[in-house]
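# Survey of secondary and tertiary structure
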Amino acid sequence: MRDFTTRLLVLLPLLLAPGAEEWCAAAEPSALRMIRVEYPRDGSIFPPDMEAPSVEWFEAGDPAGSWRIQIAFADGSAPLQVSATGDRVKLGEIDARCVSNTNRLPALTPHQAALRTWKPDAATWAAIQEHSVEKPAAVTITRFSGGKPAAQGVVRIQTSRDPVGAPIFYRDVPLMPSELQPGIIKPLEPKLLPYLAWRLRYVDEPASRLVLTGMHTCANCHSFSKDGQTLGLDLDGPHNDKGLYAIVPVRQQTSIRNEDVISWKTFRKQMEPGKRIGFMSQVSPDGRFVATTTEVQYYVANFTDYRFLQVFYPTRGILAWYNRADGQVRALPGADDPRLVQSNAVWSPDGQYLVFLRAQATESYPKGRKMAEFPNDPNEVQIQYDLYRIPFHDGAGGKAEAIRGASGNGMSNSFPKISPDGRWLVFVKSRNGQLMRPDGKLYIVPAGGGEARLMNCNTELMNSWHSFSPNGRWMVFSSKSRSPYTQMFLTHIDENGNDSPPILIENSTAANRAVNIPEFANIPKGGLDHIDAPAAEFYRLYDLAFELTEKGQNEAAIAGWQRALQLDPGDARARTNLGGLYLRQGRLETAAAEFRRALEAKPESVEARNNLGLVLLQTGRLEQAAREFQQSLELDPQSMEALVNLGGVYLMQRNYRAAVGTLRTAMRLEPGRLPVLGNLAWLLATCPDSSARNGAEAVALAEKAAELSHRQDPILLDGLGAAYAEAGRFQEAVRAGAEALRLAEERKDEEMVAAVKARIALYRSGRAYRESN
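Values in this document were obtained by computation on a predicted structure and should not be read as measured data.

### Some words on the overall build of the protein chain
In terms of helices and strands, the protein chain carries 17 helices and 38 strands. Here the protein chain has a C-alpha radius of gyration of 35 Å; the compact-globule value for 773 residues is 28 Å, and the former is much larger. Taking the principal axes of the C-alpha coordinates as reference, the protein chain spans close to 125 × 50 × 50 Å. Taken over 773 residues, the protein chain has a buried fraction of 55%. The contacts of the protein chain with a sequence gap of at least 6 include a subset with a gap of at least 24, amounting to 59%. Within the structure as shown, the protein chain displays about 33400 Å² of accessible surface, and the carbon and sulfur contribution to it stands at 50%. Averaging the locations of the 88 positively and 89 negatively charged side chains of the protein chain gives two centres separated by 3 Å.

This is the structure in structure tokens:
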């Protein structure tokens, strides 16, 4: 009896449809097998501006036959009826470049291989959409065998009045983890970075538009202003500099230029190489500010399993914001506690407040803890975030308050996004960490806090990276439910926060590539056709020139810097590096010209100003050189190069007391810096100005320098001998001189050998070095 009732309910849409009597007469409900429509899910809502979906169904035993699709409408319109061949599900195109021994080609599961599919043509889909706005349409699939209905299934779908109205901008990535060295795994080998692509998808088009690819640097975490006129994205610079961020005006032909790039390192002078300085940055709705996480530490574990190849989340950090008007980066009061991790800030639609994740800070890599080998491995550093809300107040910040329903629930709450009307907050809940979690589920809660509801759109595996359409009625998100190669889905959200089952955005990329960071952008068609990135190409040329410089291939390096400067003539760093090579070759005036051009482009460049001072010093223009070094110290009072060089000027000017004072300042900044210790020791021991000499201090400094160099530097040992002699400790002076002599002879430095021998003779006669001058 139960079986008959189920089948009768399946037939009900056809029985109610006008003109269905003749078709139903041939059907015998009690004999029909069950067809299960697997996609779209029952109750799915489609936008009016979307391409037709592929309908997929399953029947146990996978019997052969022919299929008829009937669409019945509840608005009184005549039903549609079409024949279908029941084609098999297809995987899609393969990008041959992205096939490697660390991934696998996508393959259908046995269940997926048994699915049948049908895609409405344009006219049929237009009719379905037209007549399914007020009430759902019933799509009934019937298999015929021997001319009679043999199996049947039905799904109800509806068309929303709300268009999507905007494209989705996303990164298109290969999943090709690389173990470059034993135990050193990278999500993508650096030479494969040009395989990354960025696409724009209008859902009413059958495929995505490629707008950017071929970059030799990594870029990610993009965001847009509310009007779609400003794009921001993290951009890795030369030497894997992870402190850069591009803020770019969006045009039909958009260009990421060097002058569009800022450095988060200007905030408290965070100069640690390779450290992620700005993290999960977001452009404000009006495009005036950027919120970021800085002073950040994070836990990262990379895996060779391409399906989930990385775990990545912050363990410490504060919120900061960049003001485009004055170019300054400042901490946000109320979210700048170094004892916490405060990260992933997103703006309210009016820019008046931010929502961010917060937890107690923890060590990223506790001593003795084994690294995770897969996502949700118990060896992961455990951290559960809560979501907080804080006023922005034009950067003044305020008190951060936990959001009820998205905090204190024993889970990790992350990746908040606020609806454009400001009413709703959607976030990811998982057991640990954030982003790309296999167990990640989407929840919705009132933006001011309340009861959080599990969303209907969730799939079975990983739900994250969500973004609202500009009109607030659609949300895109990522999932691995259908393939290890991440795909993106849509859901409709009504004014009461009710969402619909997930809709696949088909044909977003090749079947063996993954959708990453889908973000709605308020850009009209024709508003963004192409992005070029001369800044990224400049960084590639910069790294090549720098590598040649490091190898000492001066002429090739000079040509390399010149090529880079053809792309960006105003880059002060490249100008300074080119000038440094000319300085190394003794081409002093040519070098000075490059340093001056660097200072024209960037007057605050300490390196260029210091190098210009060196040229002036070497050409005898001591007063001018001193001014350059002094200006360098005004810009950066802790510049060791400027302090040491200014001390050298004072020595040449015989201003010994000023030289000693300058070198002492340098030593206080870096007590273990050998050149400073050695020079100061020499000066204190041998200075012609007796008021500046200090034998005891000279000995202490020279001994420290010798020990720090493991007594392997002949210059420092020579200085130690001079200091001992000044203190009257001539036997020790002779021994230190002998050590220096041995090393100088080993290095075949004939000039130094002669000088040290002369000094040893002085010490044996009971005289100090200064007494010979």
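### Examining the sheet that holds strand β33 (residues 463–468)
The four strands are arranged β33-β34-β35-β36 in an open sheet whose pairing can be described as antiparallel. Looking at strand neighbours, the two that pair on one side only are β33 and β36 (503–504), the edges of this open sheet. Pairing analysis gives six bridges linking strand β34 (residues 474–479) to strand β35 (residues 487–492), with the strands arranged antiparallel. Its bridge partner being in β35, W474 is matched across the sheet by H492.

### Brief notes about the packing of aromatic side chains
Counted under the stated rule, the structure contains 22 aromatic pairs. Ring centres 5.3 Å apart and planes at 85 degrees place the aromatic pair F169 and F224 in the edge-to-face group. With F169 in strand β11 (residues 168–174) and F224 in strand β16 (residues 219–224), this residue pair connects regions lying 55 residues apart in the sequence. The residues F169 and F224 share a single accessibility class, namely buried. Here Y245 and W264 contribute two aromatic rings whose centre-to-centre distance is 5.5 Å and whose plane-to-plane angle is 45 degrees, an arrangement assigned as tilted. One end of the pair, Y245, is in strand β18 (residues 241–249); the other, W264, is in the loop between β20 (261–263) and β21 (279–283), with 19 residues separating them in the sequence. Across the pair, exposure class does not vary: Y245 and W264 are buried alike. Connected via pairs of aromatic rings, a cluster forms that spans F289, W321, W347 and F392. In this arrangement the basic side chain of R97 is found over the ring face of Y195, its NZ or CZ atom lying 4.6 Å from the centre.

### Focus: helix α15 (residues 714–726)
Relative to the 18 Å expected for 13 residues at 1.5 Å per residue, α15 spans 18 Å between its end C-alpha atoms, a close match to the ideal helical length. Counting buried positions along α15 gives 12 out of 13 residues, so the element sits mostly inside the fold. For α15, the full list of buried residues reads P714, L716, L717, D718, G719, L720, G721, A722, A723, Y724, A725 and E726. Looking at the buried residues of α15, the elements they touch are α13 (674–686), α14 (695–708), α16 (730–746) and α17 (750–764). Where α15 starts, the residue carrying a side-chain oxygen 2.9 Å from the main-chain nitrogen of I715 turns out to be D713.

### Focus on the nonpolar core
Counting residues in each nonpolar core, the largest one holds 118 residues, and the members touching the most others are F169, W198, M215, I256 and I531. Element by element, the count of residues in this core is highest for α13, at eight residues. Excluding its chain neighbours within four sequence positions, the residues that come into contact with I256 are L233, L235, A246, V248, I531, D532, A533, P534 and A535. One finds F73, F415, W465 and L490 within the second-largest nonpolar core, a separate group that totals 60 residues.

### As for the pairing of strand β26 (residues 353–360)
When you tally the buried positions in β26, you get six out of eight residues, the bulk of the element. Sheet analysis places strand β25 (residues 340–347) next to β26, joined by six bridges and oriented antiparallel. Across the sheet, residue V341 finds its bridge partner in β26, namely A359. The turn linking β25 back onto β26 is made up of five residues, and G351 within it adopts a positive phi angle of 75 degrees. As paired strands, β26 and strand β27 (residues 386–391) are joined by six bridges and run antiparallel to one another. Looking at β27, one finds that L354 is bridged to I390.

### Remarks on a nonpolar patch on the surface
A contiguous nonpolar patch, built from I94, V99 and L105 and spanning about 240 Å² of accessible area, is present on the exposed surface. Considering the arrangement of structural elements, one finds V99 in the loop between β7 (87–88) and α3 (110–113). The exposure class assigned to V99 is partly exposed, which follows from its relative accessible area of 41%.

### Topic: helix α6 (residues 554–567)
Taking 1.5 Å per residue as the helical rise, α6 with its 14 residues ought to reach 20 Å, and the 20 Å between its terminal C-alpha atoms agrees with that figure. Of all the residues in α6, the buried ones are N554, A557, I558, G560, W561, A564 and L565. Along the long axis of α6, the arc covered by the buried residues comes to 160 degrees, so they all point the same way. Projecting away from the buried face of α6 at angles above 90 degrees are the exposed residues E555 and Q566. As for α6, its buried residues are in contact with α5 (534–550) and α7 (572–584).

### Section: the sheet that holds strand β30 (residues 424–430)
In spatial order, the strands read β29-β30-β31-β32; together these four strands make up an open sheet with antiparallel pairing. The sheet is open, and its two edges are formed by β29 (412–418) and β32 (453–454), each paired on a single side. Sheet analysis places β30 next to strand β31 (residues 441–446), joined by six bridges and oriented antiparallel. Within the sheet, the bridge partner assigned to W424 lies in β31 and is P446.

What counts and what doesn't
Residues numbered from 1 in each chain as written. Predicted model: local features only at pLDDT ≥ 70, side-chain atom pairs only at ≥ 80, totals over all residues. Heavy atoms only, no water. Helix = DSSP H or I, 4+ residues; strand = E, 2+ residues; numbered from the N terminus. Rg over C-alpha atoms; globule rule 2.2 N^0.38 Å. Buried < 20%, exposed > 50% of the residue type's maximum accessible area, 1.4 Å probe, protein only. Contact = heavy atoms within 4.5 Å. Areas by Shrake-Rupley, 256 points an atom, 1.4 Å probe, with all protein chains shown as cover. Lys, Arg positive; Asp, Glu negative; His and termini not counted. Charge placed at Lys NZ, Arg CZ, Asp CG, Glu CD. Pairing = 2+ DSSP bridges. Phe/Tyr/Trp six-rings, centres within 6.5 Å; stacked < 30°, edge-to-face > 60°. Lys NZ or Arg CZ within 6 Å of the ring centre and 35° of its normal. Expected span 1.5 Å × (residues − 1). Polar contact = N/O pair within 3.5 Å; in protein donor to acceptor, adjacent residues only side chain to side chain. Core = buried A, V, L, I, M, F, W, Y, C linked by side-chain atoms within 4.5 Å. Patch = residues over 30% accessible without salt bridge, like charges linked within 9 Å, V, L, I, M, F, W, Y side chains within 5 Å. Salt bridge = Lys/Arg side-chain N within 4 Å of Asp/Glu carboxyl O. Arc of directions from axis to C-beta.

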